[in-house]
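Examining the three-dimensional arrangement
Spelled out, the chains give:
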Amino acid sequence: MVVVQVRDWMTYKPIAGDEDAAAVEAFDTMVERGIRHLPVVDPGNHVIGVLSIDDLRAAVPFEVTRETRLDSSERDQLRGIRVSDAMTWAPVTAHPETALDHAARLLADNRIGCLPVVDTRGQLVGILSETDALSALDAILRNVAPAKPADDVDNLLDELWAERGRLVEQIAKWQQTERALLDEAPEPGDLADRAADLGAIAAIEPLSARAQRRLRAIDLALERAEQGRLGICERCQGRIPRTRLRAIPESTLCVRCARTAVA
Ligand SMILES: [Zn+2]
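Calculation rules
- Residues numbered from 1 in each chain as written.
- Predicted model: local features only at pLDDT ≥ 70, side-chain atom pairs only at ≥ 80, totals over all residues.
- Heavy atoms only, no water.
- Helix = DSSP H or I, 4+ residues; strand = E, 2+ residues; numbered from the N terminus.
- Contact = heavy atoms within 4.5 Å.
- Buried < 20%, exposed > 50% of the residue type's maximum accessible area, 1.4 Å probe, protein only.
- Arc of directions from axis to C-beta.
- Pairing = 2+ DSSP bridges.
- Core = buried A, V, L, I, M, F, W, Y, C linked by side-chain atoms within 4.5 Å.
- Salt bridge = Lys/Arg side-chain N within 4 Å of Asp/Glu carboxyl O.
- Donors = N, O, S within 2.8 Å, 3.2 Å for Na, K, Ca; no water.
- Tetrahedral: all angles 85-135°; square planar, octahedral: opposite > 155°, others 65-115°.
- Phe/Tyr/Trp six-rings, centres within 6.5 Å; stacked < 30°, edge-to-face > 60°.
- Lys NZ or Arg CZ within 6 Å of the ring centre and 35° of its normal.
- Axes fitted to C-alpha atoms, helices over the stretch in contact; angles between N-to-C directions.
- Parallel < 35°, antiparallel > 145°, perpendicular 65-115°, else oblique.
- Domains from an automatic or database assignment.
- Buried area = accessible area lost by both parts, 1.4 Å probe.
- Polar contact = N/O pair within 3.5 Å; in protein donor to acceptor, adjacent residues only side chain to side chain.

Remarks on the side chain of Gln123
One can find Gln123 in the loop between strand 6 (114-118) and strand 7 (124-129). Setting aside residues no more than four positions away along its own chain, Gln123 makes contact with Gly44, Asn45, His46, Val117 and Val118.

Considerations on helix 1 (residues 23-33)
All of the buried residues in helix 1 are Ala23, Val24, Ala26, Phe27 and Met30. The buried residues of helix 1 occupy an angular sector of 160° when projected down its axis, which confines them to one face. Tucked into the core, helix 1 has its buried residues touching strand 3 (37-41), strand 4 (47-52), helix 2 (53-59), helix 3 (72-79) and helix 4 (83-86). Of the residues one or two after helix 1, Gly34 is the one with positive phi, at around 65°.

Points about the pairing of strand 7
By the criterion of burial, strand 7 is predominantly enclosed, with 5 of the 6 residues buried. The sheet contact formed by strand 1 (residues 11-12) and strand 7 spans 2 bridges and is antiparallel. Among the inter-strand pairings, Thr11 is bridged to a residue of strand 7, identified as Ile127.

Focus: the sheet that holds strand 1
Reading across from one edge, 1-7-6 is the order of the 3 strands in this open sheet, with antiparallel pairing throughout. On the outer flanks of this sheet lie strand 1 and strand 6, each paired with one strand and no other. Summarising the sheet, strand 6 and strand 7 pair through 5 bridges and their orientation is antiparallel. The partner of Cys114 across the bridge, within strand 7, is Ser129.

Some remarks on the nonpolar core
Counting 23 residues, the largest nonpolar core has Phe27, Met30, Leu51, Leu56, Leu78 and Val83 as its most contacted members. Elements represented by at least two residues in this core include exactly helix 1, strand 3, strand 4, helix 2 and helix 4. In terms of residue count, the dominant contributor to this core is helix 1 (5 residues). The contacts of Leu56, once residues within four sequence positions are left out, are Ala23, Phe27, Met30, Leu51, Val64, Leu78 and Ala86.

Some thoughts on the pattern of salt bridges
Taken as a whole, this structure holds 14 salt bridges when the rule is applied. Between Arg57 and Glu63 there is a salt bridge whose closest N-O contact spans 3.8 Å. In this structure Arg57 comes out as partly exposed when scored by relative accessible area, which is 30%. The exposure class of Glu63 is partly exposed, given its relative accessible area of 47%.

Brief notes about unusual backbone geometry
If you check the backbone angles, Lys13 has positive phi at about 40° while not being a glycine. We classify Lys13 as exposed; its relative accessible area is 58%.

A look at the coordination of the zinc ion
The coordination sphere of the zinc ion, as far as protein atoms go, consists of Cys233 (SG), Cys236 (SG), Cys254 (SG) and Cys257 (SG), spread over 2.3 to 2.4 Å. Seen from the zinc ion, its 4 donor atoms lie at angles of 105 to 117°, and the figure they make is tetrahedral. What makes Cys236 partly exposed here is its relative accessible area of 33%.

Regarding the packing of aromatic side chains
Tallied over the full model, the rule gives 0 aromatic pairs. Over the ring of Trp161 we find Arg33, and its NZ or CZ is 3.6 Å from the ring centre.

Describing the packing of helix 1 against helix 3
Any two packed helices are characterised by how steeply their axes cross, that is the angle between the axes, and by the distance between the axes. In contact at an axis separation of 6 Å, helix 1 and helix 3 are set at 115° when each is read in the N-to-C sense. Accordingly, the angle class assigned to the pair helix 1 and helix 3 is roughly perpendicular. Along the contact surface, helix 1 presents Ala23, Val24, Phe27 and Asp28, while helix 3 presents Arg75, Leu78 and Arg79.

A short note on the domain arrangement of the chain
Its domain assignment divides the chain into domain 1 (6-141) and domain 2 (150-262). The centre of domain 1, based on its C-alpha atoms, is set 28 Å off from the matching centre of domain 2. Opposite the 11 residues of domain 1 that make contact, domain 2 presents 8 residues. Between domain 1 and domain 2 lies a buried interface of about 890 Å² when both sides are counted; carbon and sulfur atoms form 47% of it. The three residues of domain 1 that bury the most area against domain 2 are Tyr12, Lys13 and Arg33, which together make up 45% of that side's buried surface. Summed over the shared surface of domain 1 and domain 2, the number is 1 salt bridge. Taking the shortest distance from any N to any O, the salt bridge between Asp158 and Lys13 comes out at 3.4 Å. On inspection of domain 1 and its partner domain 2, the count reaches 1 residue pair in polar contact (both at pLDDT 80 or more). Considering each element in turn, the side of domain 1 that touches domain 2 owes the most residues, 3 residues, to helix 6 (residues 130-141).

As structure tokens, this is what we get:
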């Protein structure tokens, strides 16, 4: 029997936190990336802790969830706490070649939500969340080979994050341009200028709308990645090819299933 390993299901190169950062920064990162656990590393990328949303909640006298909109005084309180003050030190870790059933037992026995995955030097290479372990269990119960093309999806995720950054920047620029054009006080006799401004705005709008649609598609893909479902067909549990995901990041069906869904 093939031993399923942590490396088959972990998230590669997860975002990590800095022990000296303010807790509010870590909170913002977790909200933005849709994650519940932030591995904390030293300058040499060695894992020294894990900060969870639960840790943050325990450190302050108010409710903290990923959905919480903190008011400014709450943000100030979180700003006054360092990541190292709230995190769990020396967390239980796994290696990429750790058997997945052993990792699942570590999660359950220690009642923890994630295992930072480290190499032989203790440097962070991945993270295995409860959700990853459940996705693996689900696939195994369905008797499906580990479907998560880990490395492949990892590269795709890098691309999607990079594209997301470019889109956010570009959309912000367009919005700034639009605002600037709209804010220009129309002066008498400036009708030609005004018409040119409106023309420029009309040209920007479809571009901006398309970019925002793409951004939403990428966010859906990143959400699915967080749940360990990116690249896995919802219907047949087969692999969705990377080329398809790049073109249609939000796709939840493989080509064959998508075709039969339409037919
Ligand atoms: Zn399919």
